[in-house]
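Reading the structure
So the chains spell out like this:
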Amino acid sequence: MNSALTRRIAHLDMDAFYASCELLRYPQLKGLPVVIGGGRRKEDDLLGKLQQAYPDGEWTEDTFTERLDRIPVDFFPRIEGYTGRGVITTATYAARQFGIGSAMGLMKAAKLCPQAILLPVDFERYRYFSRTFKSIITDIAPVMQDRGVDEVYIDFTDVPGGQREGGRVLARLIQKSIFEATGLTCSVGVAPNKLIAKMASEFNKPNGISVVHEADLQTLIWPLACRKINGVGPKADEKLKGFGIHTIGDLAARELHWLIENFGKSYGAWLHEAAWGRDDRPVETESEPVSMSRETTFERDLHAVRDREELGAVFTRLCQQVAADLQRKGYEGKTIGIKLRYDNFQAVTRDQTLTEYTADAKHIRQIAGQCLKRVDLSRRIRLLGVRVGSLVKAGTAPAPVASYSEASANPPPQVNDHGQTELLFPLD
Ligand SMILES: [Mg+2]
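In short, a report on the structure.

Reading the values: rules and limits
- Residues numbered from 1 in each chain as written.
- Predicted model: local features only at pLDDT ≥ 70, side-chain atom pairs only at ≥ 80, totals over all residues.
- Heavy atoms only, no water.
- Helix = DSSP H or I, 4+ residues; strand = E, 2+ residues; numbered from the N terminus.
- Buried < 20%, exposed > 50% of the residue type's maximum accessible area, 1.4 Å probe, protein only.
- Contact = heavy atoms within 4.5 Å.
- Areas by Shrake-Rupley, 256 points an atom, 1.4 Å probe, with all protein chains shown as cover.
- Phe/Tyr/Trp six-rings, centres within 6.5 Å; stacked < 30°, edge-to-face > 60°.
- Lys NZ or Arg CZ within 6 Å of the ring centre and 35° of its normal.
- Donors = N, O, S within 2.8 Å, 3.2 Å for Na, K, Ca; no water.
- Axes fitted to C-alpha atoms, helices over the stretch in contact; angles between N-to-C directions.
- Parallel < 35°, antiparallel > 145°, perpendicular 65-115°, else oblique.
- Nonpolar A, V, L, I, M, F, W, Y, C, P; charged D, E, K, R; others polar.
- Expected span 1.5 Å × (residues − 1).
- Salt bridge = Lys/Arg side-chain N within 4 Å of Asp/Glu carboxyl O.

1. Some points on the overall build of the protein
When helices and strands are counted, the protein shows 16 helices and 14 strands. Evaluated residue by residue, the protein yields a buried proportion of 47% over its 428 residues. Taking contacts inside the protein between residues at least 6 apart in sequence as the whole, the part at least 24 apart equals 70%. Of the roughly 21600 Å² of accessible surface on the protein, a fraction of 51% belongs to carbon and sulfur atoms.

2. Thoughts on the packing of aromatic side chains
Applying the stated criterion across every chain, the model contains 14 aromatic pairs. Relative to Tyr-267, the ring of Phe-263 lies with its centre 6.4 Å away and its plane at 45°, an arrangement referred to as tilted. With respect to burial, Phe-263 and Tyr-267 carry one shared label: buried. Among the aromatic residues, those joined into a cluster by ring pairs are Phe-243, Trp-258, Phe-263, Tyr-267, Trp-270 and Phe-345. Seen from the ring of Tyr-93, Arg-96 lies directly overhead, with NZ or CZ sitting 4.5 Å from the centre. Geometry around Phe-263 places Lys-239 over its ring, the cationic atom sitting 4.7 Å from the centre.

3. Focus on the coordination of the magnesium ion
Surrounding the magnesium ion are the protein donor atoms Asp-13 (OD), Met-14 (O) and Asp-150 (OD), at 2.3 to 2.5 Å. The sequence pattern describing where the donors of the magnesium ion fall on their chain is D-M-x135-D. Placement of the pair is Asp-13 in strand β1 (residues 9-14) and Asp-150 in the loop between β5 (144-146) and β6 (151-155), with a sequence separation of 137 residues. Taken as a pair, Asp-13 and Asp-150 share a single burial class, namely buried.

4. A short note on the packing of helix α1 (residues 17-25) against helix α6 (residues 123-140)
Look at α1 against α6: their axes get within 10 Å of each other, and the N-to-C directions meet at 100°. The pairing of α1 with α6 is recorded here as roughly perpendicular in orientation. Residues Phe-17, Tyr-18, Cys-21, Glu-22, Leu-24 and Arg-25 of α1 form the contact with α6, whose participating residues are Phe-123, Arg-125, Tyr-126, Phe-129, Ser-130 and Phe-133. The residue inventory of the contact of α1 with α6, partitioned by class, reads eight nonpolar, one polar and three charged.

5. Some words on helix α15 (residues 361-372)
End to end, α15 covers 16 Å across twelve residues, agreeing with the expected 16 Å (1.5 Å per residue, within 8%). Looking at α15, one finds that the buried residues are His-363, Ile-364, Ile-367, Ala-368, Gly-369, Cys-371 and Leu-372. If you follow the buried residues of α15, they end up packed against α14 (308-329), β10 (331-342), β11 (347-358) and β12 (381-389).

6. Focus: helix α13 (residues 265-275)
The element α13 is extensively covered by neighbouring structure, given that eight of its eleven residues are classed as buried. For α13, the complete set of buried residues consists of Ser-266, Tyr-267, Gly-268, Trp-270, Leu-271, His-272, Ala-274 and Ala-275. One or two positions beyond α13, positive phi appears at Gly-277, with a value near 70°.

7. Notes on unusual backbone geometry
For the bond running from Lys-205 to Pro-206, omega is -10°, close enough to zero to count as cis. Mapping Pro-206 onto the fold places it in the loop between α8 (194-200) and β8 (209-211). Residue Ala-16 is not a glycine yet carries a positive backbone phi of 40°. With respect to the secondary-structure elements, Ala-16 resides in the loop between β1 and α1. Phi at Glu-165 takes a positive value of approximately 50°, unusual for a residue other than glycine. Counting through the fold element by element, Glu-165 comes out in the loop between β6 and α7 (168-182).

8. A few points about the pattern of salt bridges
For the coordinates displayed, the defined rule picks out 20 salt bridges. Taking the shortest distance from any N to any O, the salt bridge between Asp-15 and Lys-205 comes out at 2.5 Å. One end of the pair, Asp-15, is in the loop between β1 and α1; the other, Lys-205, is in the loop between α8 and β8, and 190 residues separate them in sequence. Assessed through its relative accessible area of 1%, Asp-15 is described here as buried. Judged by relative accessible area, Lys-205 falls into the partly exposed class, the value being 28%. Asp-325 serves as the salt-bridge partner of Arg-294, at 2.7 Å between the closest nitrogen and oxygen. Here the residue Arg-294 occupies a position in strand β9 (residues 291-302), and Asp-325 occupies one in helix α14, the gap between them amounting to 31 residues. Using a relative accessible area of 31% as the deciding quantity, one classes Arg-294 as partly exposed. Among the residues examined, Asp-325 registers a relative accessible area of 7% and is labelled buried.

Right, here's the structure in full:
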């Protein structure tokens, strides 16, 4: 990296991604309130109706899928009268006007906007568009970090155009290239780091570009609610509000030692850095993962003894998810670790390094379970995470060092005890 250049990091977020993917095949729904959610449903219902409406048409399986854009709007199911526990994954901007948003129950949405059209999720289709837009980006700017199906970080620093107008020129090129290839729009924030770029991509949605410089911290970032910081969840936000801290500016005004006293050493220090717009995390490309992890924040804080069963089930599931991630991406690792955050926001990690590599859920669960025994379990827990590190491509792992098996029939595990020390927040 050329150190003479200012660091420019972009966060790119696709606009109403699932809904926009649906509108590509049902352009007749553009401008209408549409929500995506609920269970899977076959296209057949709609196509059956279409066939009835145009009995003279030539209906083969191919023409079925080619004529989705001809299905009259009236044929689409409305959300009115919905009963059930389905949740919205995405709503079009027209639906958002009625106060409908992601993660809202479909029943509540039905009350707010009964005429909204309800479409089932089709993850396969969204993953296809996800791969497509990401490959367009890496053709232009190779240092890209996946942040899920519809968002990425991109390092603009050394890319041609990445410094012009603070990154606006390159952002515009990427936006245009994605739109031309897919018909989908996105919003981009370009800033000195990931933390601010993530906030900035929301400033001009949809189809917007926002450029933020270090000098804009006070005017553009400090007026925002603390919750806008990626890593400040609802519980931390509630606690901050209890201290009268509502905006990022309020947070920046607090002393570092005060934040540490009230939010723990690592989280308190991280809050301070975040409020001052400081974030050195690199944009990590997918091709070289150092570790893979899964973590979950509980709806209510759990206790190791009283909520033993629930905690155990979550723990096993996290291990299975990490194992599945490793296997899907073709990696194995030999450092197994856990992370806990207590009700007072203090975080602890423990890990253990094996002599062999693994991607096996049961093996990971067994070692992670041993790590769990080495932490204080008398306190309530708000977050639990499992991590597998020291990764290698599956099948490329060198054989375990021979001296281990020769030295002893039962070699001691290599233990790296990090104690109650630093953690990087947030772990994304
Ligand atoms: Mg999005």
